[in-house]
Amino acid sequence: MSEMLKKYGEVVGFHAMDSLMVIADMLRGKKIVHVNSTKEGGGVAEILSSMVPLSKELGLDVSWEVIEGNPDFFACTKTLHNSLQGMPGGLPEQQIEAYVETNRTNAEKLRGALEDADYVFIHDPQPAPLLGYFPNRKGKWVWRCHIDVSAPNRSVWRFVKKHVEGYDASIFSLPDFAQTLPHPQFLITPSIDPLSEKNIALPKSEVAKTYEELGIPMDKPVILQVSRFDRFKDPLGVIESYRIAREHVDIRLVLAGGGATDDPESGEVLARVQEAAAGDPDIHVLLLPADAHRTINALQSGAAVVMQKSTKEGFGLTVTEGLWKKKPVIGGDVGGIRLQIINRFNGFRVRSPEGAAIRIRYLLTHKWKRERMGVNARQYVLENFLLTGQLRRYMSLLISLNSPNGEWERWI
Ligand code: UDP
């Protein structure tokens, strides 16, 4: 076993690594390609940047391609994303054209990589139409949907469905997201990488130094939300929760985020957050570079409570990251957050700023309970949401696509 695999084994157990290696052997020599729309920012890039190296270490022939687009394309895919998460309205004609045209040009660029691949994972709606440009594809293509499609805008879903129904299978993060599609649908939760810069244990001194460098005094408990500046992450709701809570407990609020390169709306949301935070020295709004993984790790490690007050959420890796650092997490009662937070066990699910404020106050005034929930939190992630488990399920799924007797389905 290589050094890297041993390190994973030390966290997840060597039995888990043995099963990974057995399954990887069955895919040896097969060409696997992942395609998404950004190299950095957001959960998909976060997962792929760990999953691809681990897959290679297991001997798999795997690569990661990123489609390129112009502002009209990303305006379209942002509208798609918002609409699939329930925003009313339709898609402007000009954006539809950019969406289709961008996928057509990317298909030509990626023909060499995708035409003869044995397995292709297409992540999210942005590159979904690629399939239509590969009538002679050799392999099985899987559409991996990471977003919260529990109540999509129906007309936009019908449009996306046309592009995804030709896939051999699709993957959603939880049962609520499953759709009517003419192919098998799998439920696989995302995961975090325990060995990444974002999730390794940091010395206390480094945590303190990071806070100091960012100009955040550690004189009072920190409430932290890390997320892209996106309306569905509800950063304004977090500020409101903080304002209600601080009538009772003395706290700081840190909102840390950056924009994904495929997100054209983040500037506008950030401006509204800065406006709402203006004049309050205890609110720190941080705009971080895309590679600030260790900084985010330190922020999460030094926080008293982590929040993710989303109003829609595909999964919410920031919740997983907070739990892994032994923090109880207060999260919106939506999407993938429901899978991760169990009320009173490892955090609280909330539906309003008032609800969040009550939970902030509770956690800050019950230190023993907070610490106990933090211990539960880490164990829960260890058992359910680590990279090795997700990769095992992905590999098993691929094998099951070529073994119709279902022998491998029990591994998923
Ligand atoms: N993230 C980051 N920098 C930021 C904001 C977020 O590195 O400024 C990371 C965050 O730590 C997490 C991922 O991006 O790993 C966000 O994934 P999540 O599932 O929470 O949300 P998404 O952005 O995919 O909707």
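Above this text is the structure in question.
Since the model is a prediction, treat every value here as computed from it, not as a measurement.

(A) Summary view of the packing of aromatic side chains. This model, assessed by the stated rule, comprises twelve aromatic pairs. When the ring of F73 is compared with that of F74, the centres are 5.0 Å apart and the planes differ by 70°; the resulting orientation is edge-to-face. Of the two residues, F73 and F74, neither departs from the other in class, the shared state being buried. With 6.1 Å between their ring centres and 85° between their planes, W143 and F172 make a pair best called edge-to-face. Here W143, found in strand 4 (residues 140-144), pairs with F172, found in strand 5 (residues 169-172); they are 29 residues apart in sequence, far enough to count as distant. Relative accessible area serves as the criterion here: at 0%, W143 is assigned to the buried category. Members of the aromatic cluster, each reached through a chain of ring pairs, are F73, F74, Y99 and F159. In this structure, K39 packs its charged tip against the face of W64, placed 3.9 Å from the ring centre. Here R111 stacks its cationic end above the ring of F134, 4.6 Å away from the centre of that ring.

(B) Highlighting the site of the ligand. Taken together, 16 residues lie near the ligand, and G43, R228, K233, G258 and E321 sit nearest. Contact between the ligand and K198: an oxygen atom at 2.8 Å from a side-chain N or O atom of the residue. Between an oxygen atom of the ligand and a side-chain N or O atom of R228, the distance comes to 2.6 Å. Considering the ligand on its own, with 540 Å² of exposed area, one finds that the protein chains cover 90% of that surface. If you tally residues by element for the shell around the ligand, the top one is helix 11 (residues 317-324), at three residues.

(C) Local environment of unusual backbone geometry. Although it is not a glycine, K326 sits at a positive phi angle of roughly 65°. Along the chain, the position of K326 falls in the loop between helix 11 and strand 11 (329-332). One non-glycine residue with positive phi stands out, namely R344, at about 70°. Structurally, the position occupied by R344 is in the loop between helix 12 (337-340) and strand 12 (347-350).

(D) Quick peek at the sheet that holds strand 8 (residues 252-257). Sheet architecture is open: six strands sit in the order 9-8-7-10-11-12, paired in parallel fashion. The strands lining the two open edges of the sheet, one partner per strand, are strand 9 (283-287) and strand 12. Along the sheet, successive strands turn relative to each other by an average axial angle of 20°, direction set aside. The sheet contact formed by strand 11 and strand 12 spans four bridges and is parallel. Its bridge partner being in strand 12, I330 is matched across the sheet by F348. Taken strand by strand, helix 11 contacts strand 7 (222-226), strand 10 (305-308) and strand 11, and its axis lies near 170° from that of strand 10.

(E) The packing of helix 11 against helix 14 (residues 367-384), seen in detail. Where helix 11 contacts helix 14, the two axes come as close as 7 Å, and the packing angle between them is 120°. Looking at the two axes, helix 11 sits oblique to helix 14. Across the interface between the two elements, T320, L323 and W324 from helix 11 touch G374, A377, R378, V381 and L382 from helix 14. Class assignment of the residues belonging to the contact of helix 11 with helix 14 gives a composition of five nonpolar, two polar and one charged.

Thresholds, definitions, all that
- Residues numbered from 1 in each chain as written.
- Predicted model: local features only at pLDDT ≥ 70, side-chain atom pairs only at ≥ 80, totals over all residues.
- Heavy atoms only, no water.
- Phe/Tyr/Trp six-rings, centres within 6.5 Å; stacked < 30°, edge-to-face > 60°.
- Buried < 20%, exposed > 50% of the residue type's maximum accessible area, 1.4 Å probe, protein only.
- Helix = DSSP H or I, 4+ residues; strand = E, 2+ residues; numbered from the N terminus.
- Lys NZ or Arg CZ within 6 Å of the ring centre and 35° of its normal.
- Near = heavy atom within 4 Å.
- Polar contact = N/O pair within 3.5 Å; in protein donor to acceptor, adjacent residues only side chain to side chain.
- Areas by Shrake-Rupley, 256 points an atom, 1.4 Å probe, with all protein chains shown as cover.
- Pairing = 2+ DSSP bridges.
- Axes fitted to C-alpha atoms, helices over the stretch in contact; angles between N-to-C directions.
- Contact = heavy atoms within 4.5 Å.
- Parallel < 35°, antiparallel > 145°, perpendicular 65-115°, else oblique.
- Nonpolar A, V, L, I, M, F, W, Y, C, P; charged D, E, K, R; others polar.

No statement about biological role is implied by the geometric values presented.
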